[in-house]
Amino acid sequence: MVAEVRLIPCLKDNYAVLLHDPSGATALVDAPDAAPIRAALEAADWRLSDLLVTHHHGDHTAGIAELKKQFNCRVIAPRREAAKIPGVDVTVREGDFVTIGTMVGRVLETPGHTNGHIAYWFKQEKLAFVGDTLFSVGCGRVIEGTPEVMWQSLLKLRGLPPDTQVYCGHEYTAANVHFALTIEPNNAALRARAEEVVALCGEGRPTIPTTISSEKSTNPFLRADLPSLAAAVNRPDDGGAQIFAVIRARKDKF
Ligand SMILES: [Zn+2]
């Protein structure tokens, strides 16, 4: 028996994810909106046992109160942001483990988008839930942290096993691919991903999950320490954090 994962589109372009353990436990990662999540739970006949929060933004937390009221689920959230998140039962930080039935997830602190942002990595199941830190072919805006802090968080995620399935908080891939092609127009893996994304979006299908392996070959924000990226932005003498900052600033204006 293996874990089942269900991606739930919410609001305009958010994703929530259900993670179901054969033992019966079901965790939700982020709660943008209670209604579609409740519908997905009912359709699968799953009962929500745990709610894992990645960060405090409203489009990840607005559904918590309603879902907790209905399911009395355990709400797990980053310690550094617990005061900004409703209904928190358990706070976690780097290196802590969360147990969902028989599944064990490790907490990775990934600050930058927000200062307390965390990701959840289920090593055995080869799954990572990365919120708004890493997107497919992109990354979150650096809202509370610095580019250096965000770069370190991305390096942490880049270091996960290549075959890890990555679930992020938004469907931004098509726009991200457009931007990435302005940085690396000749990246063959990126061009292949672009075609794939056009096909998926054309069918109204999600581009998520992605994998660490795919992101390492296509995502300019994970590739900022490669000489080819430094050359692409005309900063041959700069290091990864500096190149990352340049690319992030360009994306913000794109
Ligand atoms: Zn956010």
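Because the structure is a prediction, the values reported are computed rather than measured.

A. Seen up close, the pairing of strand β3 (residues 26-29). Of the two faces of β3, the one carrying Thr26 and Leu28 and the one carrying Ala27 and Val29 are both buried. Pairing of strand β2 (residues 14-20) with β3 involves 4 bridges; the strand directions are antiparallel. In the strand pairing of β3, Leu18 is matched with Leu28. Hairpin connection from β2 to β3: 5 residues lie between these consecutive antiparallel strands, with Gly24 at a positive phi of about 120 degrees. In the sheet, β3 pairs with strand β4 (residues 50-52) via 3 bridges, with the strands oriented parallel.

B. Up close: helix α5 (residues 173-183). Thr173, Asn176, Val177, Phe179, Ala180 and Ile183 are the residues of α5 that are buried. Looking at the packing, one finds that the buried side of α5 touches β11 (134-135), β12 (138-139), α6 (188-202), α7 (212-218), α8 (227-232) and α9 (240-253).

C. Quick look at the packing of aromatic side chains. Tallied over the full model, the rule gives 7 aromatic pairs. Between Phe135 and Tyr172, the aromatic rings sit 5.0 Å apart at their centres with planes inclined by 80 degrees, giving edge-to-face as the arrangement. One end of the pair, Phe135, is in strand β11; the other, Tyr172, is in the loop between β13 (165-168) and α5, and 37 residues separate them in sequence. Considering the side-chain rings of Phe221 and Phe244, the 5.8 Å spacing of their centres and the 70 degrees angle between planes classify their relative orientation as edge-to-face. One end of the pair, Phe221, is in the loop between α7 and α8; the other, Phe244, is in helix α9, with 23 residues separating them in the sequence.

D. Main features of the coordination of the zinc ion. Looking at the zinc ion, the protein donor atoms are His55 (NE2), His57 (ND1), His113 (NE2) and Asp132 (OD), and they sit 2.2 to 2.3 Å from it. Taken together, the 4 donor atoms coordinating the zinc ion span angles of 89 to 172 degrees at the metal, a pattern that classifies the geometry as irregular. Taken in chain order, the donor set of the zinc ion reads H-x1-H-x55-H-x18-D. Residue His57 is found in the loop between β4 and α2 (58-61), and its partner His113 is found in the loop between β8 (103-109) and β9 (118-122); the two are separated by 56 residues along the sequence. Exposure remark for His113: the relative accessible area of 6% places this residue in the buried category.

Parameters and conventions
Sequence order sets the numbering: in each chain, residues are counted from 1 along the sequence as written. Only residues with pLDDT of 70 or above have their local features reported here, since the model is predicted, and side-chain atom pairs are shown and tallied only from 80 upward, although totals for entire chains, interfaces and linings are computed over all residues. The side-chain values count all of the structure's non-hydrogen atoms but skip hydrogen atoms and water molecules. Relative accessibility decides the category of a residue: with a 1.4 Å probe and only protein chains considered, values under 20% of the type maximum give buried, values over 50% give exposed, and everything between is partly exposed. By the criteria applied, helices consist of DSSP H or I runs no shorter than four residues and strands consist of E runs no shorter than two, each listed in order from the N terminus. When DSSP finds at least two bridges between two strands, those strands are taken to pair. Contact definition: two residues touch when any of their heavy atoms are within 4.5 Å. Between the rings of Phe, Tyr and Trp (Trp by its six-membered ring), a pair exists once the centres lie within 6.5 Å; its type follows the angle of the planes, with under 30 degrees stacked, over 60 edge-to-face, and the other angles tilted. Water is not part of the atom set, so a site may look incomplete; the donors themselves are N, O and S atoms within 2.8 Å of the metal, or 3.2 Å for Na, K and Ca. Metal sites are grouped by the angles between bound donors: all angles between 85 and 135 degrees with four donors is tetrahedral, opposite donors over 155 degrees apart with the others between 65 and 115 is square planar for four donors and octahedral for six, and any other pattern is irregular.

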